[in-house]
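Below are the chains, spelled out letter by letter.
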Amino acid sequence: MAEKNDFFQSKVVQEFNQEIEKYHLGPLWNAIPDLMHKQPAPQAVPYLWKWKTLYTKLMEAREIFTPERGGERRAIYLQNPGLKHRKPWGWASTTQTLYAAVQLILPGEIAPSHRHTQSALRFITTGSGAYSIVQGERIFMEEGDFLITPKGLWHGHAHPGDEPMIWMDCLDIPTIYAIGGTFFENYPEKIEQPKVPDNYTAWRYAGGMVRPISDRHPKVAPLGSYKWAKTLAAIEGLSRFEPDPYDGYAVEFINPSNGKTANPTIAAWMQKLPKGFHSKAHRHTSSTIYQVFKGSGYSVINGIRFDWSQGDCFVVPNWAWHEHVAAEDSFLFSASDLPIMERFEVQREESYEQNQGHQEITDEFTPLLP
Ligand code: GTQ
Ligand code: FE2
């Protein structure tokens, strides 16, 4: 072995490695340990953004970026510090595959319609009265609602109500960027006009457990919004029984015409962690972005304790050990790249076997506050 290493360090090899560079060729014998690790070596790091920070910066942006000045979407994205080196704009990556942002819309504002090859979802954090118009359907939004805009659908937002509204966006921007699939188009007019009755798809699926017979053949977005009251009812039903050891009482938002994830590339979950719940730790290939909808507690991610409370966003990168602890009844919304990992058949999961499934806490995260 020593002989082999000596050979790779030798002058003749070093010179050859350098020499082929000018022909834009590369030596695999040097690159392979960095390219083909034994297991994922994420560049994304665990991180947490306090609600106070997100809210304060959105309120500052409110003064500066008025719609007249080109603030078409007043959104501030969560840049993973470990992925900042990606050019341009860090690929706006919260995880290696996904982008997340908080978006503020004020009464009277209009965010013009457009469409793109990235799929989007929204989780309504605070306020009500605004609508998204997706393919001609005005979808009115309330706290706790979950909305989807799968790739290629026209969408805009407007706010006829009277209180500021904030939601979390999640899109597969880094993935679509990486595979070279980015297309974007503005709607010919400012905002699309309604073509179907308001909240049309939510009415069509008012029952929640049955589908209109005309939807036996799968559609892209048969249901545009998932109302909080229905999500909560589903979780309360689940809560009569034993929680999942890793995720408590968790449900996934699905496309009711085909049973798959509501968005083709991004999974979205709502989970309840009852007061005192302490999950077991595990890790998986998929990465997850959380927003705390209600409650407080902490998560331990790769041994670091991240305390969270209402409105905070945090990220569990791919292959990071994580477990959650709830100090009170808590609801976490989350978005993950599970469908992407499954599509590529690289999803793997491993449970943490030592110490009854709980990591040793080696450090505590200190959030940056304004
Ligand atoms: O609301 O359409 O955060 O297109 C990023 C890209 C929001 C949107 C974002 C978008 C949108
Ligand atoms: Fe968009």
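Described in the following lines is the structure provided in the data block. (Residues numbered from 1 in each chain as written. Chains lettered and ligands numbered in written order. Predicted model: local features only at pLDDT ≥ 70, side-chain atom pairs only at ≥ 80, totals over all residues. Heavy atoms only, no water.)

1. Topic: the side chain of Asn-17
If you trace the backbone, Asn-17 turns up in helix α2 (residues 11-21). A polar contact is formed between the side chain of Asn-17 and the side chain of Trp-29, at a distance of 2.8 Å. Once residues within four sequence positions are removed from consideration, Asn-17 is found in contact with Pro-27, Trp-29 and Asn-30. (Helix = DSSP H or I, 4+ residues; strand = E, 2+ residues; numbered from the N terminus. Polar contact = N/O pair within 3.5 Å; in protein donor to acceptor, adjacent residues only side chain to side chain. Contact = heavy atoms within 4.5 Å.)

2. Re the sheet that holds strand β12 (residues 225-226)
The sheet built from six strands is open, its strands ordered β2-β3-β10-β5-β8-β12 with antiparallel pairing. In the strand order of this sheet, the two ends are held by β2 (75-77) and β12, each with one partner. Taken together, the six bridges between strand β5 (residues 120-126) and strand β10 (residues 165-171) define a ladder with antiparallel strand orientation. In the strand pairing of β10, Ala-120 is matched with Leu-171. Where helix α4 (residues 51-64) meets the sheet, it contacts β2, β3 (99-105), β5 and β10, and its direction lies at approximately 50° from that of β3. (Pairing = 2+ DSSP bridges. Axes fitted to C-alpha atoms, helices over the stretch in contact; angles between N-to-C directions.)

3. Quick word on the packing of aromatic side chains
Taken as a whole and judged by the stated rule, the model has 22 aromatic pairs. When the centroid spacing of 5.7 Å and the interplanar angle of 40° are considered together, the rings of Tyr-77 and Tyr-99 count as tilted. Here the residue Tyr-77 occupies a position in strand β2, and Tyr-99 occupies one in strand β3, the gap between them amounting to 22 residues. A residue is classified by how much of its surface remains accessible, and Tyr-77, at 28% relative accessible area, is partly exposed. Through successive ring pairs, a cluster of aromatic residues spans Phe-123, Phe-146, Tyr-226, Trp-228, Phe-253, Phe-293, Phe-331 and Phe-333. The ring of Tyr-131 carries Arg-138 above its face, with NZ or CZ at 4.8 Å from the centroid. (Phe/Tyr/Trp six-rings, centres within 6.5 Å; stacked < 30°, edge-to-face > 60°. Buried < 20%, exposed > 50% of the residue type's maximum accessible area, 1.4 Å probe, protein only. Lys NZ or Arg CZ within 6 Å of the ring centre and 35° of its normal.)

4. Topic: the coordination of the iron ion (ligand 2)
Expected angles at a metal are 109.5 degrees for tetrahedral coordination by four donors and either 90 or 180 degrees for octahedral coordination by six donors. Around the iron ion (ligand 2), the protein contributes the donor atoms His-114 (NE2), His-116 (NE2) and His-155 (NE2), which lie 2.1 to 2.2 Å from the metal centre. Within one chain, the residues donating to the iron ion (ligand 2) are spaced in sequence as H-x1-H-x38-H. One end of the pair, His-116, is in strand β4 (residues 110-116); the other, His-155, is in strand β9 (residues 155-158), with 39 residues separating them in the sequence. Across this residue pair, the class does not change: His-116 and His-155 are buried. (Donors = N, O, S within 2.8 Å, 3.2 Å for Na, K, Ca; no water.)

5. A short note on the site of ligand 1
Neighbouring residues of ligand 1: Arg-73, Ala-75, Tyr-99, Ala-101, Gln-103, His-114, His-116, Arg-122, His-155, His-157, Asp-169 and Leu-171. In this structure, Arg-73 approaches ligand 1 through a side-chain N or O atom, which is 2.8 Å from an oxygen atom. One of the side-chain nitrogen or oxygen atoms of His-114 is found 3.0 Å away from an oxygen atom of ligand 1. For ligand 1, the accessible surface in isolation is 290 Å², of which the surrounding protein chains cover 90%. Put simply, the parts of the chain that give the shell around ligand 1 at least two residues each are β3, β4, β9 and β10. Sort the elements by how many residues they give to the shell around ligand 1 and β3 lands first, with three residues. (Near = heavy atom within 4 Å. Areas by Shrake-Rupley, 256 points an atom, 1.4 Å probe, with all protein chains shown as cover.)

6. Notes on the side chain of Ser-336
Along the chain, Ser-336 falls in strand β21 (residues 330-336). A relative accessible area of 7% places Ser-336 in the buried class. Excluding residues that lie within four positions of it along the chain, Ser-336 makes contacts with Leu-98, Thr-265, Ile-266, Ala-267, Ser-287 and Thr-288.

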